[in-house]
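Fold and geometry: a report
This is what each chain is made of:
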Amino acid sequence: MSDYETLLVEQRDAVTLVTLNRPHALNALNSKVLEELIQAFRAFEADDSQRCAVVTGSGDKAFAAGADIKEMADKGSAEMYKADWFSGWTEDFTRASRKPWIAAVNGFALGGGCELAMMADFIIASENAKFGQPEIKLGVLPGMGGSQRLTRIVGKSKAMDLCLTGRMMGAEEAERCGLAARVVAHEKMLDEALEAAATIAGMAPLAAIANKEAVDAAYETTLDAGLKYERRLFQVLAGTEDKAEGMAAFVEKREAKWTGR
Ligand code: CAA
C-alpha cells in the first residue's frame, strides 16, 4: 500500500496494481491524479521486481469518467496553451515506464478515461464497461488522444460515430471493434487482468519490452519501417542471456529462469 492521495498502489508479486481512487467523482482525472500516476509509473519502472502493471478504477461504477470537468471549467485558452494542458498525459505519463501495463476497465471509461485506457497496452473490460468520447457535449473535443488513438484502433467510421455523437459504447461492441482485448464477467474482471499481468510478468523482461515496442511501432511507421524495426529488435534480443536460456530451456524441456539480461 502507498501514500498517494488519489491512487491506491500495491504490489502483488511482480505485478503492480494501481487503482484510481476518487470514487466520489467517478475517478475523474485531475492534475493530482496525473502527478501521482507519473510518480507511480516511474517507481514501477525503477523497480526490477515489478514486471507488469494493472490500472483500474475504485468502486463498481467507473474506471474514470473523464478529465475533471470542474478543474477545467474556468480555464481559458491562454492558460491552457501556456501550460500545454494535457501534454502531461500524452507525453510525460506515457514515457514514465516502458514496461507493459493493462487497463482493467470496470465501468465508465469516458473522455480522458477512455483515452487513459487506450494508453495501456491492452484493455480487459468488465461486461459493465462503457466507453465513449463525449467531449462534444461539453463544446470541446478529446484532448488526451481520443481522436487519434481511437481512430487508429477502431477505424475512422466508428471513431467519428463516437466523437460526433458522444454516445457510449458497451463492452461487447468495444471488443467487436478491437478496443477491448477481452470482456469478462464484472466480478471476475480484475482477477483476469491480474492473471494476464502475472503471465506477462513471468516472461523475459527485455522480450516483454521489445514486444510492446514492436507492436507500438505498427501504429507509427510504414509496414516496411515496422518490419525492419521488428527484425532489429529480434537481432538485439538474440544477444541476451534470456534468449540463450529460453531456447536452452525449450530444448531441455524445462522452465526457463529469466535474469532480465
Ligand atoms: N469531472 C468531474 N466530476 C465528475 C466527472 C468528470 N468528468 N464525471 C462525474 N463527475 C462527478 C459528478 O459531478 C458527481 O459529483 P457530485 O456528486 O459532486 O455532483 C459525481 O461524479 C457522480 O456523477 P453523476 O452524479 O453525474 O453520476 P451519474 O451516474 O448520474 O452519471 C456519468 C454518470 C454519465 C458518467 C456522468 O457523471 C457524466 O456524464 N460524467 C462526465 C463524462 C464526461 O463528459 N467526460 C469527459 C470529460 S472531458 C475530457 O475528458 C476531456 C479530455 O479529452 C481529456
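Quick note: structure is the one above.
Overview of the structure. (Residues numbered from 1 in each chain as written. Predicted model: local features only at pLDDT ≥ 70, side-chain atom pairs only at ≥ 80, totals over all residues. Heavy atoms only, no water.)

Side note on the site of the ligand
If you check the shell around the ligand, you find 25 residues, and the closest are Lys61, Gly112, Glu115, Glu135 and Gly143. Glycine 112 has a polar backbone atom sitting 2.8 Å from an oxygen atom of the ligand. The protein chains hide 66% of the 990 Å² of surface that the ligand would expose on its own. Broken down by secondary-structure element, the contributors of at least two residues to the shell around the ligand are α2 (69–72), β6 (108–110) and α5 (112–119). The element that contributes the greatest number of residues to the shell around the ligand is α2, accounting for 3 residues. Looking at the shell around the ligand, its residues break down into 15 nonpolar, 5 polar and 5 charged. (Near = heavy atom within 4 Å. Polar contact = N/O pair within 3.5 Å; in protein donor to acceptor, adjacent residues only side chain to side chain. Areas by Shrake-Rupley, 256 points an atom, 1.4 Å probe, with all protein chains shown as cover. Helix = DSSP H or I, 4+ residues; strand = E, 2+ residues; numbered from the N terminus. Nonpolar A, V, L, I, M, F, W, Y, C, P; charged D, E, K, R; others polar.)

Let's talk about the sheet that holds strand β1 (residues 7–12)
Strands sit in the order β1-β2-β3-β5-β7-β10 across an open sheet of 6 strands; the sheet is mixed. The open sheet is flanked by β1 and β10 (182–184), the only strands paired with a single partner. Here the strands of the sheet are splayed against their neighbours by 20° on average, with no regard to which way each runs. Of the strand pairs in this sheet, β1 and strand β2 (residues 15–20) are connected by 6 bridges, and their pairing is antiparallel. Residue pairing for β2: glutamate 10 is matched across the bridge by leucine 17. Each of β1, β2, β3 (52–57), β5 (101–105), β7 (122–126) and β10 touches helix α9 (residues 189–201); the most contacted strand, β3, lies at about 165° to it. (Pairing = 2+ DSSP bridges. Axes fitted to C-alpha atoms, helices over the stretch in contact; angles between N-to-C directions. Contact = heavy atoms within 4.5 Å.)

Thoughts on the pairing of β3
β3 sits mainly inside the fold: 6 of its 6 residues count as buried. One ladder, built from 6 bridges, connects β2 with β3; its direction is parallel. What sits directly across from valine 15, in β3, is cysteine 52. Pairing analysis gives 4 bridges linking β3 to β5, with the strands arranged parallel. When the sheet's bridge partners are listed, valine 55 is paired in β5 with alanine 103. (Buried < 20%, exposed > 50% of the residue type's maximum accessible area, 1.4 Å probe, protein only.)

Some remarks on the packing of helix α10 (residues 205–220) against helix α11 (residues 223–237)
Two measures define how a pair of helices packs: the angle their axes make with one another and the distance between the axes. As a packed pair, α10 and α11 sit with axes 10 Å apart at the nearest point and diverge in direction by 170°. Of the possible angle classes, the one that applies to α10 and α11 is roughly antiparallel. Contacts between α10 and α11 pair Leu206, Ala207, Ala210, Glu213, Ala214 and Ala217 from the former with Tyr229, Leu233 and Leu237 from the latter. Of the residues contributing to the contact of α10 with α11, the split by class is 8 nonpolar, no polar and 1 charged. (Parallel < 35°, antiparallel > 145°, perpendicular 65-115°, else oblique.)

Some words on the side chain of asparagine 27
Locating asparagine 27 in the fold gives a position in the loop between β2 and α1 (31–46). For asparagine 27, the side chain forms a polar contact with the main-chain oxygen of phenylalanine 63, separated by 3.3 Å. Not counting chain neighbours up to four residues away, the residues in contact with asparagine 27 comprise Leu20, Asn21, Arg22, Gly57, Ser58, Ala62, Phe63, Ala64 and Ala65.

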